[in-house]
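# Understanding the architecture of this molecule
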Amino acid sequence: MAIELQRRRPPSEHIVTDVALNLIKGFEGLHLSAYPDPASELARTGKGSGDPWTIGWGRTKNVKRGDRCTLEGANTWLREDVEEAAQIVRDCVTVPLTAGEFAAYTSMAYNLGYLPPSLKACLNGGTTDKGKVMAPGSYSEAILQLPRNCRAQTRPMKGLYRRRLAEACVAHDLPFENACSPTVVQFALDENGDIDRDATTSLEDTLMRARQDTSRTADIMKKPWSELVLTKPEPAAPNPAGNAELPELKAPKPPAPVVSAPIPAPSSGPVAQGPAVVVPAPQPPPPPVAAPKPPEPVIIAPKSVDVRSIPYGEVLPENGAKNMSESQRGVGMVIVGAGSLIQIVTARLGVGTAVGAIAFDLSRDPVVIALIATGVVAVIGWLMRKKGTKVMTTGMVNATQVLK
């Protein structure tokens, strides 16, 4: 009890810490657009005014439908409203409180706008709503009053019940995140609309689960939550040189090996026995590592060309070189082109005369077309062979000399 009293201070000496802010933020949530009260008729049936409308981190003062805010504005309102809630605790409570109890009751005053009379009766001394007379400083009974105040417009709400359990954990300097999560806390109502105690998670179970919470390390659990938030890191001491950096730490030298071995004395005296320090022989330096060989240079040079791979067979005329006139492909092309030309010219210019009619009929005969084409090709071939063979052969011979 003496240790507990040492941790308690008058409410006027307490300030708003991150414990209260994080507790409020966790249950209020951030809303940049105004929303109706979850327990209002508008939220349940879609009718009614929805008052009180809420925005930011649970701000309800002068908020109306359609209002919007920024994150910076929501944080500013949170600081103002939390300070007002903390002042309610300072004005209503006359007994000393721990930092955790002050944060828990500040969160409750932020949510309700006041401290319930039964809670003040347990803290300051008085009679509760159940007719029970309490002595000043009944801190355990005051914690039991938290879960009772979870109604919104006379209707118990699971969210408010979880919040009261979390405030009880904070009052005991215990973490609440896991013990008061929506999946852990069970909540049910009986047929009369009251809390079903048999199907609802009790305060005792929540506190026991918070004490057994293994999500935090042992070092953190040694200190109360409120002290952790208010603890400030100690500034690092400067080194003797006046630098901000820490001096470089050098590893200690390993001791020399000591072995027992006789030490020979001079030849003129007796031999003395005793331990001797043996200095290990110096190790030769490791052989130098040979540098890797540079990659072989890539040499790009022209390659010889096989002249015999040139199309149309051998290059030299004595080996059977052929010109275009002797190619079957060229003959076919000439036949097709000549036939088409004769047919078009005859059809367009000769029709209407006897000669034209005869020419038109002959132009349709494939035999006549083949004879005419053969004659034309023969003449062209003779001309090409007479003049072109000599020119083509001379060029190929010159090319062969260059390639060699």
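In what follows, the accompanying structure is described. As the structure is a prediction and not an experimental result, all values here were calculated from the model.

### Description of the overall build of the protein chain
Helices and strands together make up the secondary structure of the protein chain, namely 14 helices and 8 strands. By the burial criterion, 30% of the 404 residues in the protein chain qualify as buried. Put simply, of all contacts in the protein chain between residues at least 6 apart along the chain, 55% involve residues at least 24 apart.

### Regarding helix α5 (residues 99–112)
An α-helical turn contains 3.6 residues, so any two residues separated by three or four positions project in the same direction. Its 14 residues give α5 an end-to-end C-alpha distance of 20 Å, which sits within 8% of 20 Å, the value for a rise of 1.5 Å per residue. For α5, the buried fraction is high: 12 of the 14 residues fall into the buried class. Regarding α5, the residues found buried are Ala99, Gly100, Glu101, Phe102, Ala103, Ala104, Tyr105, Thr106, Ser107, Met108, Ala109 and Tyr110. Glycine 113 occupies a position one or two residues after α5 and carries a positive phi of about 90°.

### Some thoughts on the packing of aromatic side chains
In this description, a pair of aromatic rings is defined by centroid distance and the angle of the planes. The full count for this structure, using the stated rule, is 2 aromatic pairs. Plain terms: the ring middles of tyrosine 161 and phenylalanine 187 are 5.5 Å apart, the flat faces sit at 45° to each other, and that makes the pair tilted. Within this pair, whereas tyrosine 161 is found in helix α8 (residues 158–171), its partner phenylalanine 187 is found in the loop between α8 and α9 (203–211), the two being separated by 26 residues in sequence.

### Looking at the side chain of glutamate 28
Residue placement: glutamate 28 occurs in helix α2 (residues 18–28). Dropping the residues within four chain positions of it, glutamate 28 is found in contact with Tyr35, Trp57, Gly58, Tyr110, Asn111 and Arg163.

### Focus: the nonpolar core
One finds Val89, Leu97, Tyr105 and Leu123 to be the most contacted residues of the largest nonpolar core, which totals 59 residues. For this core, the elements supplying multiple residues, two or more each, are α2, α4 (71–92), α5, α6 (117–124), α7 (139–144), α8 and α9. The biggest single contributor to this core is α8, with 8 residues. With near-sequence residues (within four places) excluded, leucine 97 lies in contact with Arg7, Arg8, Arg9, Pro11, His14, Val89, Phe102, Tyr105, Leu123 and Tyr139.

### Focus: the packing of α4 against α5
Two measures define how a pair of helices packs: the angle their axes make with one another and the distance between the axes. The interhelical angle for the contact between α4 and α5, taken along N-to-C directions, is 110°, at an axis separation of 8 Å. Between α4 and α5, the interaxial angle falls into the category roughly perpendicular. Here the hand of the crossing between α4 and α5 comes out right-handed. In this structure, α4 uses Leu78, Asp81, Val82, Ala85, Ala86, Ile88, Val89 and Arg90 to contact α5, whose residues at the interface are Phe102, Tyr105, Thr106, Ala109 and Tyr110. For the contact of α4 with α5, the per-class residue count stands at 10 nonpolar, 1 polar and 2 charged.

Reading the values: rules and limits
- By convention here, each chain's residues receive numbers from 1 onward along its written sequence.
- Reporting of local features is limited, given that this is a predicted model, to residues whose pLDDT is at least 70; pairs of side-chain atoms are given and counted only at 80 or more, and all residues count toward the totals for whole chains, interfaces and linings.
- Hydrogens are left out, water is left out, and the side-chain values use all remaining heavy atoms of the structure.
- Runs of H or I in DSSP of at least four residues are treated as helices and runs of E of at least two as strands, each being numbered from the N terminus.
- Each residue's exposure class comes from its accessible area (1.4 Å probe, protein chains only) as a fraction of the maximum for that residue type: buried when under 20%, exposed when over 50%, partly exposed otherwise.
- The contact rule is simple, with two residues in contact once any of their heavy atoms fall within 4.5 Å.
- Given a helix with a known number of residues, its expected span is that number minus one, times 1.5 Å.
- Only rings of Phe, Tyr and Trp enter the pairing, Trp through its six-membered ring, and a pair is recorded when the two centres are within 6.5 Å. The plane angle decides the type: under 30 degrees is stacked, over 60 is edge-to-face, the rest tilted.
- What makes a nonpolar core is a set of buried Ala, Val, Leu, Ile, Met, Phe, Trp, Tyr and Cys residues whose side-chain atoms join them at distances within 4.5 Å.
- Angles shown run from 0 to 180 degrees and are taken between the N-to-C directions of axes, each axis being a line fitted to C-alpha atoms and, for helices, limited to the stretch in contact.
- Angles below 35 degrees are treated as roughly parallel, those above 145 as roughly antiparallel, those between 65 and 115 as roughly perpendicular, and all remaining angles as oblique.
- Two helices crossing with the near one rotated counterclockwise from the far one by less than a right angle form a left-handed crossing, whereas a clockwise rotation gives a right-handed crossing.
- Gly is put with the polar residues, along with every residue not named as nonpolar or charged; the nonpolar set is Ala, Val, Leu, Ile, Met, Phe, Trp, Tyr, Cys and Pro, and the charged set is Asp, Glu, Lys and Arg.

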